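Chains, contacts and geometry: an overview
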Amino acid sequence: MMRCRPLLSNLAVLAGIAWSLSACQPTSSSAGEITPSSFDRPQWDTLTGVSNGTLLRAHVTSAFVSDRPLDIWLPKSYNGKRKHAVLYMYDGQMLFDTTETWNHQEWRVDETLDSLIDLHAVVPTIVVALHNGGTQRNFEYFPQKPFELLPVSFADSLRQSIARALNASPDIRVSSDLYLRYLIEEVKPMVNAQFATY
């Protein structure tokens, strides 16, 4: 079990690095006023289908990515008073429930993390499950700055080839910088404001 601790710790450190390296300013309008979004107070629904803990879902509207669900998994140790670490995971629709995955398999995150918490192999941790954007997935995850350094003809060919394979619009663009802003400027501040986290 000791091998699990560094893996989860490293993932948490990576999320922390992404947070600390970003300029985390609220979205503002042209007049400089803070603009409200569905992240201010999302409506959480409790879902069934998890073996352990509680799974919450909100449908959020982002200034940076297409609208999508956002899931938060709370282990049975979560009571709203004791602070928990946070693990941000991509492809959120794959984590907990076989009925919601494209291949009818789940990553068993709730069972695995809850058992690791019970064994004191990891600190109590909540999971923020970031759903991907469907056909936009590859374009949200592909690092934007390196992509922009590719020769234009190669980049266009690569982008169009991936779009064709996914039945996506041939005009789709790499948008990972916007996806990072979604995570850093919208999701993380909301999670820290609404849940007991470190």
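For the structure, see preceding data.
Residues numbered from 1 in each chain as written. Predicted model: local features only at pLDDT ≥ 70, side-chain atom pairs only at ≥ 80, totals over all residues. Heavy atoms only, no water.

This paragraph deals with the side chain of asparagine 132. Among the structural elements, asparagine 132 can be located in the loop between strand E5 (125-130) and helix H3 (137-141). Since its relative accessible area comes to 14%, asparagine 132 is described here as buried. Separated by 2.9 Å, the side chains of asparagine 132 and aspartate 91 make a polar contact. Ignoring sequence-local partners within four residues, the contact set of asparagine 132 consists of Arg68, Asp91, Gly92, Gln93, Arg137, Glu140 and Tyr141. (Helix = DSSP H or I, 4+ residues; strand = E, 2+ residues; numbered from the N terminus. Buried < 20%, exposed > 50% of the residue type's maximum accessible area, 1.4 Å probe, protein only. Polar contact = N/O pair within 3.5 Å; in protein donor to acceptor, adjacent residues only side chain to side chain. Contact = heavy atoms within 4.5 Å.)

Moving on, we come to helix H5 (residues 152-165). With 14 residues, H5 should cover 20 Å at 1.5 Å per step; its first-to-last C-alpha distance of 20 Å lies within 8% of that length. Among the residues making up H5, those that are buried are Ala155, Arg159 and Ala163. Here the buried residues of H5 occupy an arc of 65° about the axis, which is enough to place them on one side. Those residues of H5 that are exposed and aimed more than 90 degrees away from the buried face are Ser153, Arg164 and Ala165. Where the residues of H5 are buried, they touch H3 and helix H4 (144-149). Immediately downstream of H5, the backbone of asparagine 167 shows phi near 55°, a positive value. (Expected span 1.5 Å × (residues − 1). Arc of directions from axis to C-beta.)

Most of the time, phi is negative for any residue but glycine, and the peptide bond is trans. Phi at aspartate 91 is positive, roughly 55°, even though this residue is not glycine. Of note, aspartate 91 is situated in the loop between strand E4 (85-89) and helix H2 (109-118). With a relative accessible area of 8%, aspartate 91 lands in the buried category. For asparagine 167, which is not a glycine, the phi torsion comes out positive at approximately 55°. Inspection of the secondary structure assignment puts asparagine 167 in the loop between H5 and helix H6 (176-194). With a relative accessible area of 71%, asparagine 167 lands in the exposed category.

A few words on H6. With 19 residues, H6 extends 26 Å from end C-alpha to end C-alpha; this agrees with the ideal 27 Å at 1.5 Å per step. Valine 187 marks where H6 bends most, by close to 35°; the proline proline 189 follows one to four residues later. Those residues of H6 that fall on the buried side of the exposure criterion are Ser176, Tyr179, Tyr182, Leu183, Ile184, Glu185, Glu186, Val187, Lys188, Met190 and Val191. (Bend = angle between axes of the 7 residues up to and from the residue.)

Our focus in this paragraph is the side chain of threonine 197. As for its position among the elements, threonine 197 is in the segment after H6. Reaching out from threonine 197, the side chain makes a polar contact with the side chain of asparagine 192 at a distance of 2.9 Å. If near-sequence neighbours (up to four positions away) are discounted, threonine 197 is found in contact with Lys83, His84, Val86, Ile126, Val191 and Asn192.

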